[in-house]
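One letter stands for each residue in the lines below.
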Amino acid sequence: MAALTGRVRFQEPNVTPGLMGVAVIVTATTLVAAVGGAITAPNVGPWYEHLPKPDWTPPNWVFGPVWTVMYALMAVAASIVWVSRASDDICCPLGAFGAQLALNLAWSVCFFGLHSPLLGFLDVCLLWVLVGVTVAEFFLVSRVAGLLLTPYWLWVTFAAILNAAIVMKGS
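Residues numbered from 1 in each chain as written. Predicted model: local features only at pLDDT ≥ 70, side-chain atom pairs only at ≥ 80, totals over all residues. Heavy atoms only, no water.

On to helix 3 (residues 60-83). Under the 1.5 Å per step criterion, the end-to-end length of helix 3 is 36 Å for 24 residues, consistent within 8% with the ideal 34 Å. Those residues of helix 3 that sit buried are V62, F63, M70, Y71, M74, A75, A77, A78, S79 and V81. (Helix = DSSP H or I, 4+ residues; strand = E, 2+ residues; numbered from the N terminus. Expected span 1.5 Å × (residues − 1). Buried < 20%, exposed > 50% of the residue type's maximum accessible area, 1.4 Å probe, protein only.)

As structure tokens, this is what we get:
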């Protein structure tokens, strides 16, 4: 019919699957942030305040804004990987992303929920490795996604060092 009328009909791309995937990523990341925060918040004052910590420990008010930025960067980076799914394979990068999200939440449970800096340290060591794998996998799909996740890996590095120092101080 287009040939007869001389008009070209453009088919609109189906963006629904892309938007659904982004919504799942954003929802999962937000849920991990919210549940982790719900576990952490009640324990900051009564428990965390009294832990022996190194002098270079940031003030408590720093952690909330930094983690908010980290979760936002994570969600944006994973969303970029998702919408780049025309690339060969996004299963490994997004699988690694989901696994590191689970370990991220597990750290809050171990450290704050169970009041165990040692379990938290063991978890954050695994988390550090998995975030590194995720960053590498994201770079294979999108340079921007890899760069967006890099500050998170640096923050987890700092968190692991701080967690280790708390363990060594005898908590």
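After that view, the rundown keeps rolling.
Before going further, it helps to examine helix 6 (residues 143-168). With 26 residues, helix 6 should reach 38 Å at 1.5 Å per residue; the first-to-last C-alpha distance of 37 Å fits that figure. Helix geometry: helix 6 is bent most strongly at L149, by close to 25°, with proline P151 lying one to four residues after it. Among the residues trailing helix 6, G170 stands out with phi positive, at a value near 95°. (Bend = angle between axes of the 7 residues up to and from the residue.)

Counting 35 residues, the largest nonpolar core has Y48, F111, F138 and Y152 as the members making the most contacts within it. If you list the elements that add at least two residues to this core, you get helix 2 (16-44), helix 3, helix 4 (91-113), helix 5 (117-141) and helix 6. When residues of this core are assigned to their parent elements, the largest contribution, eight residues, is made by helix 6. Every residue in contact with F138, bar those within four places of it in the chain, is listed here: A77, A78, V81, P93, L94, F97, A145, G146 and L149. (Core = buried A, V, L, I, M, F, W, Y, C linked by side-chain atoms within 4.5 Å. Contact = heavy atoms within 4.5 Å.)

Another aspect to go through is unusual backbone geometry. Unusually for a residue other than glycine, H115 sits at a positive phi of about 55°. In this structure, H115 sits in the loop between helix 4 and helix 5. You can call H115 partly exposed: its relative accessible area is 35%.

Turning next to the packing of aromatic side chains. Enumeration over the complete set of coordinates arrives at 15 aromatic pairs. A centroid spacing of 5.6 Å and a plane angle of 50° characterise the contact between Y48 and F112, whose relative ring orientation is tilted. Highlighted residues: Y48 in the loop between helix 2 and helix 3 and F112 in helix 4, separated in sequence by 64 residues. Judged on exposure class, the residue Y48 and its partner F112 are both buried. With 5.7 Å between their ring centres and 80° between their planes, W107 and F112 make a pair best called edge-to-face. These aromatic residues form a ring-pair network of at least three members: W56, F63, W67, Y71, Y152, W155 and F158. Taking NZ or CZ as reference, K53 lies 4.4 Å from the ring centre of Y48, over its face. (Phe/Tyr/Trp six-rings, centres within 6.5 Å; stacked < 30°, edge-to-face > 60°. Lys NZ or Arg CZ within 6 Å of the ring centre and 35° of its normal.)

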